Amino acid sequence: NAGVTQTPKFQVLKTGQSMTLQCAQDMNHEYMSWYRQDPGMGLRLIHYSVGAGITDQGEVPNGYNVSRSTTEDFPLRLLSAAPSQTSVYFCASSPGQPEQYFGPGTRLTVT
Amino acid sequence: KQEVTQIPAALSVPEGENLVLNCSFTDSAIYNLQWFRQDPGKGLTSLLLIQSSQREQTSGRLNASLDKSSGRSTLYIAASQPGDSATYLCAVRWIQGAQKLVFGQGTRLTINP
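Within every chain, residues take consecutive numbers counted from 1 along the sequence as written. To label them, take the chains in the order written and letter them from A, then take the ligands in the order written and number them from 1. The predicted nature of this model means local features are confined to residues of pLDDT at least 70 and side-chain atom pairs, given and counted, to a pLDDT of 80 or more, with totals for whole chains, interfaces and linings taken over all residues. Only hydrogens and water are set aside; all other atoms, that is, all heavy atoms of the structure, feed into the side-chain values.

Q: Describe the state of the cysteines, with residues and values.
A: The rule for a disulfide is simple: a pair of cysteine sulfur atoms within 2.5 Å. Applying the stated criterion to the full structure yields two disulfides over all chains. Each sulfur in the disulfide pair A:C23 and A:C91 lies 1.8 Å from the other. Taking the torsion about the S-S bond as the criterion, the A:C23 to A:C91 disulfide, at about -70°, is left-handed. Taken together, the positions of A:C23 in strand 3 (residues 19-25) and A:C91 in strand 9 (residues 87-94) put the pair 68 residues apart, joining distant regions of the chain. Burial classes follow relative accessibility: with a 1.4 Å probe on protein chains only, a residue under 20% of its type's maximum area counts as buried, one over 50% as exposed, and anything between as partly exposed. Assessed through its relative accessible area of 1%, A:C23 is described here as buried. A:C91 gets classed as buried once you look at its relative accessible area, which sits at 0%. Covalent S-S linkage joins B:C23 and B:C90, the inter-sulfur distance amounting to 2.0 Å. Disulfide B:C23-B:C90: the torsion about the S-S bond is -60°, which places it as left-handed. With B:C23 in strand 3 (residues 19-25) and B:C90 in strand 9 (residues 86-94), this residue pair connects regions lying 67 residues apart in the sequence. In DSSP terms, a helix is any run of H or I states spanning at least four residues, a strand is any run of E spanning at least two, and both are numbered starting from the N terminus.

Given below as structure tokens:
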């Protein structure tokens, strides 16, 4: 049981490039979410999904796209990276309420 | 707006002391509140979760309390150890918008041997 896995661990992008951050969980959780964490700040919700085929926006969704075609996977897409998207990204999953399980994070730098 | 605040941002204490970390939140209509630990460069580990109907939860040397009427939660750490050094994050799930977890900024705790 691997829990929540994220790839890659580190990534450097140039402004304007696109990429996909991968997130997978093997716990059959319906609820998955993406957060970003900036220095000195807590985590802020980007997008979330309550099941396959259902996604919704969180607090800071601009510049990010998501889709949920399977229960296991919830990729986060940056269509045109900007320096303001330099951050650490965390994926989380939950069986519903109340707890969430977090992945180890992806550290993204946009130059 | 639903917000979570943690003060101070950083705290340094000598080993062996008992200490309290604070978390305050707007809007008392919460679903639950959760305390997390984050080690440098790592993900989050859930420490304690308090449901809206509960006043406190305990796990080992940790005790979390909840006072909805005042919009406050505290995390009490007894007999602190250097291994307790980490950032501690408080997160609230409100009844309205229960799918969303809102985090405080965290308190970076250093325990000095």
